[in-house]
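Coordinate analysis (summary)
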Amino acid sequence: MKSVPQATSLRRAPVQRRSAERLTRILDACADLLDEVGYDALSTRAVAERAGVPIGSVYRFFGNKRQMADALAQRNLERYSERVTDRLKGAGPGDWRAAMDAVLDEYLAMKRTAPGFSLVDFGNQIPVGARDAEPNHRVADRLTELLSGYLVREVDDDLRRTFLIAVETADTLVHLAFRVDPEGDAKVIDETRELLRAYLARTLD
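Residues numbered from 1 in each chain as written. Predicted model: local features only at pLDDT ≥ 70, side-chain atom pairs only at ≥ 80, totals over all residues. Heavy atoms only, no water.

1. A word on the packing of aromatic side chains
One pass over the full model with this rule turns up six aromatic pairs. Pairing Tyr107 with Phe117 gives two aromatic rings, centres 5.7 Å apart and planes at 65 degrees, and the pair type is edge-to-face. On the criterion of sequence distance, the pair formed by Tyr107 in helix 5 (residues 96–113) and Phe117 in helix 6 (residues 117–120) is long-range, its members being 10 residues apart. Judged by its relative accessible area of 8%, Tyr107 is buried. Connected via pairs of aromatic rings, a cluster forms that spans Tyr80, Tyr107, Phe117 and Phe122. (Phe/Tyr/Trp six-rings, centres within 6.5 Å; stacked < 30°, edge-to-face > 60°. Helix = DSSP H or I, 4+ residues; strand = E, 2+ residues; numbered from the N terminus. Buried < 20%, exposed > 50% of the residue type's maximum accessible area, 1.4 Å probe, protein only.)

What follows is the structure, encoded as structure tokens:
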């Protein structure tokens, strides 16, 4: 079964398979509509109609469209983590350059192909509250957990800071690449890769 967001983003976590499948349809519909009409024009009613579920089913999980978009962002992060993990299965442990390529390449692939991702990605278009809830902090924390074992590195403040700076830098430059070219400007992406390698080498070599 496809991954679903963590229960913390939901009013009620799905327990039965049928409920989980309904939640998946709701989030798939949300993603498709984001590409078609944008976040401002998105409505819970339109999502319910697209998903083929009663409006009450949407409100059973979400109080408003922001919560729904945040759940989609969390699902994006789960799927991204799975993609990076699968990619690294074929790489040798400790090869941080292969890990960095996997992290960047899988993000670019989702940016180009995942419905709704260009608007929501991991939550960057959604207003956030506490600093620890900021989307790039979510991503950096997840990557630190995911890659520390692969890199045979102990998780400490220095490693967390390094990944956060790398994520913030990559996020800014990848958005620039997609503003220059809808498919992502190849030269900007190449420069991003070289910049990240130079920065990470200081800590990971």
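2. Some thoughts on empty space enclosed by the protein
Remark: the empty space left among the atoms is shown by a probe the size of a water molecule rolled over them. Following the criterion strictly, the structure yields one cavity of 30 Å³ or more and no others. Put simply, the largest cavity is a space of about 310 Å³. Along the walls of the largest cavity sit 23 residues, with Tyr80, Val103, Leu143, Val167 and Ala170 positioned nearest its centre. Elements with a contribution of two residues or more to the lining of the largest cavity: helix 5, helix 7 (135–150), helix 8 (157–180) and helix 9 (186–204). (1 Å grid on protein atoms, 1.4 Å probe; cavity = no way out; pocket = protein on both sides within 12 Å on 5 of 7 lines; lining within 4 Å. Points joined across faces, edges and corners; volume = space filled by probe spheres on them.)

3. A word on the side chain of Asn76
Among the secondary structure elements, Asn76 is positioned in helix 4 (residues 65–88). With residues up to four places along the chain from it excluded, the contact list for Asn76 reads Met110, Phe117, Val120, Asp121 and Phe122. (Contact = heavy atoms within 4.5 Å.)

4. Considering the confidence of the model for the chain
Summing up the model confidence of the chain, the mean pLDDT is 86 and the portion of residues at 70 or higher is 87%. Here helix 7 stands out as the element of the chain with the lowest mean pLDDT, 89, in contrast to helix 2 (residues 44–51), whose mean of 96 is the highest. Throughout residues 1–7 the model reports pLDDT below 50, and contacts reaching past four residues in sequence, or to other chains, amount to 22 contacts. (pLDDT = per-residue confidence, 0-100.)

5. Describing the layout of surface pockets
Considering only enclosed or pocket space, the largest pocket measures out at about 170 Å³ in volume. Taken together, Asp28, Ala31, Asp32, Arg75, Asn76, Arg79, Arg83, Met110, Thr113, Ala114 and Pro115 make up the lining of the largest pocket. Elements that contribute at least two residues to the lining of the largest pocket include exactly helix 1 (17–37), helix 4 and helix 5.

6. Topic: unusual backbone geometry
With a phi close to 35 degrees, Asp121 is a non-glycine residue in the positive phi region. One can find Asp121 in the loop between helix 6 and helix 7. The phi dihedral of Val152 falls on the positive side, at around 55 degrees, and the residue is not glycine. Relative to the assigned elements, Val152 resides in the loop between helix 7 and helix 8. What makes Val152 exposed here is its relative accessible area of 66%.

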